[in-house]
Amino acid sequence: MAKETKKILVTGAVGQIGSELTLALRERYGGDNVVAAGHRTQPGEALRDSGPFEFIDVRRRETVEEVVKRYNIDTIYHLAAILSAVGEEKPLLAWDVNMNGLYNILEVARQHEMVRVFCPSSIAVFGPQTPRHNTPQETILCPTTMYGVTKVAGELLCNYYVRRFGLDVRGLRYPGIISAETPPGGGTTDYAVEIYYEAIRHRRYTCFVRQDTVLPMMYMPDCLKAAMDLMEADFAQLRHHADYNVAAMSFSAGELAAEIQKHIPDFVCEYRPDFRQAIADSWPRSIDDSAARQEWGWQPAYDLAAMTVDMLEKLGRRHAEGRL
Ligand code: NAD
Ligand code: AKB
């Protein structure tokens, strides 16, 4: 743990979080020191031109091992995963990628005596029996989705590697992440991103959850800050490892639409719930993140109003330039 970080691998680097986290890590640690790994999708220009890029399949340990050896990797941000909505459509794939992929990452890290591994968990670890308001750090973890099952098991596996092998593994339970660069990859909270894109493109959106559906959310700059702050925290101060609750804001789908209407008055949002409603209904409305605040100083910067101004400004600019 005393060793200086010199070579970072980001799995899932072409995804919603990975595409921005890789650039933020390259900014902080140097482009050549951060290897982006995608699966099948080609990287965008920014990702391709700012540092090394490789393809791996986390289910095939040899593909991870090869990159780790070639670049002398000592830290992994493991973001490759199948999210909740796709996971309900393809539960076996979700198990395979989320569990076997994570197991491969932890094993490679253990065998190569790595400095640190980051693996995000999710509010999907909670289920219908969990208190839905101000959900505590320690509580009932009985999810009803395959994604949630893999996230609970993933937290336990990471914590096992900390206890059993002394590996430094860290993770947090992200709420729905909202961002303007890379569209989300098939989760239940995707409506809170799509609504901004459609407000800019068509001034109309059909939302797949009810208007009164409240979920915890976070804007991308806070998401990146949480990952990097947790990874730089003093290990001795951490009482938890792979399972920190983190929160930023909670709002209903109707409140989100109303916030957008303050800027685009003719924006119209309709509500046509589909199978994702049941998933949303099984998750908390708000999160108690006092452990993260106390143990590593977690503090989000964005609320709904500030995020909406920034999202509409970014997407509006891209639309005006014909890039949306
Ligand atoms: P995403 O779906 O946008 O990206 C995941 C990436 O994993 C994709 O680019 C995909 O190509 C890659 N992938 C899939 N199968 C793979 C395989 N076999 N080998 C290698 N790569 C593979 O997901 P994201 O939103 O960026 O999420 C990143 C992490 O954060 C995940 O662990 C997710 O559970 C967690 N998380 C995300 C959110 C959110 O709202 N985005 C919320 C909570 C937790
Ligand atoms: C999803 O909806 O699956 C993700 C998550 C909250 O983990 N955005």
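Anyway, here's the lowdown on the structure attached to this text. (Residues numbered from 1 in each chain as written. Chains lettered and ligands numbered in written order. Predicted model: local features only at pLDDT ≥ 70, side-chain atom pairs only at ≥ 80, totals over all residues. Heavy atoms only, no water.)

## What to know about the sheet that holds strand β3 (residues 53-55)
Sheet strands line up and pair through hydrogen bonds in the backbone, either parallel or antiparallel. In space, the six strands of this open sheet follow the order β3-β2-β1-β4-β5-β7, with parallel pairing throughout. Each of the sheet's edge strands pairs with one partner strand only, and the pair in question is β3 and β7 (169-170). Across two bridges, strand β5 (residues 116-118) lies against β7 in parallel orientation. Across the sheet, residue V117 finds its bridge partner in β7, namely V169. Along the sheet, helix α1 (residues 18-29) contacts β1 (8-11), β2 (34-38) and β4 (75-78); its crossing angle with β2, the most-contacted strand, is approximately 165°. Of the strands in this sheet, β4, β5 and β7 touch helix α8 (residues 220-232), which is tilted by about 155° from β5. (Pairing = 2+ DSSP bridges. Helix = DSSP H or I, 4+ residues; strand = E, 2+ residues; numbered from the N terminus. Contact = heavy atoms within 4.5 Å. Axes fitted to C-alpha atoms, helices over the stretch in contact; angles between N-to-C directions.)

## Digging into the site of ligand 1
Ligand 1 sits among 26 residues. The nearest are Q16, I17, D57, Y147 and I177. The separation between a nitrogen atom of ligand 1 and a polar main-chain atom of V58 is 2.9 Å. In the model, an oxygen atom of ligand 1 is placed 2.9 Å from a nitrogen or oxygen of the K151 side chain. Here ligand 1, which alone exposes 830 Å², has 92% of that area covered by the protein. Those elements that place two or more of their residues in the shell around ligand 1 are β6 (121-122), α6 (146-165) and β9 (176-178). Looking at the shell around ligand 1 residue by residue, the classes come out as 14 nonpolar, nine polar and three charged. Shared between two domains, the shell around ligand 1 takes at least three residues from each, and those domains are domain 1 (8-176 + 219-245) and domain 2 (177-217 + 248-320). (Near = heavy atom within 4 Å. Polar contact = N/O pair within 3.5 Å; in protein donor to acceptor, adjacent residues only side chain to side chain. Areas by Shrake-Rupley, 256 points an atom, 1.4 Å probe, with all protein chains shown as cover. Nonpolar A, V, L, I, M, F, W, Y, C, P; charged D, E, K, R; others polar. Domains from an automatic or database assignment.)

## With respect to the packing of aromatic side chains
Tallying each qualifying case throughout the model produces nine aromatic pairs. When the ring of F53 is compared with that of F55, the centres are 5.1 Å apart and the planes differ by 85°; the resulting orientation is edge-to-face. For F55, a relative accessible area of 39% corresponds to the partly exposed category. Ring centres 6.2 Å apart and planes at 75° place the aromatic pair Y160 and Y161 in the edge-to-face group. (Phe/Tyr/Trp six-rings, centres within 6.5 Å; stacked < 30°, edge-to-face > 60°. Buried < 20%, exposed > 50% of the residue type's maximum accessible area, 1.4 Å probe, protein only.)

## Examining the pairing of β1
Here β1 shows no split at all, with I8 and V10 on one side and L9 and T11 on the other all buried. Crossover handedness for the path β1 to α1 to β2: right-handed. In this structure, β1 lies alongside β4, joined through four bridges in parallel fashion. By the bridge assignment for β4, T11 is matched with H78. (Right-handed = clockwise from strand over helix to strand, strands pointing away.)

## With respect to the environment of R116
Tracing the backbone through its elements, the reader meets R116 in strand β5. R116 sits in the buried class, given a relative accessible area of 16%. When the C-alpha positions of R116 and R170 are compared, they lie 7.7 Å apart, and in sequence the two are 54 residues distant. One polar contact links R116 to D168, side chain to side chain, over a distance of 3.0 Å. One polar contact links the side chain of R116 to the main-chain carbonyl oxygen of M231, over a distance of 2.6 Å.

## Observations regarding α6
Over its 20 residues, α6 extends 27 Å from the first C-alpha to the last, a length consistent with the 28 Å expected when each residue adds 1.5 Å. The elements touched by buried residues of α6 are α4 (84-89), α5 (91-111), β6, β7 and β8 (172-174). Looking at the residues trailing α6, positive phi occurs at G166, about 70°. (Expected span 1.5 Å × (residues − 1).)

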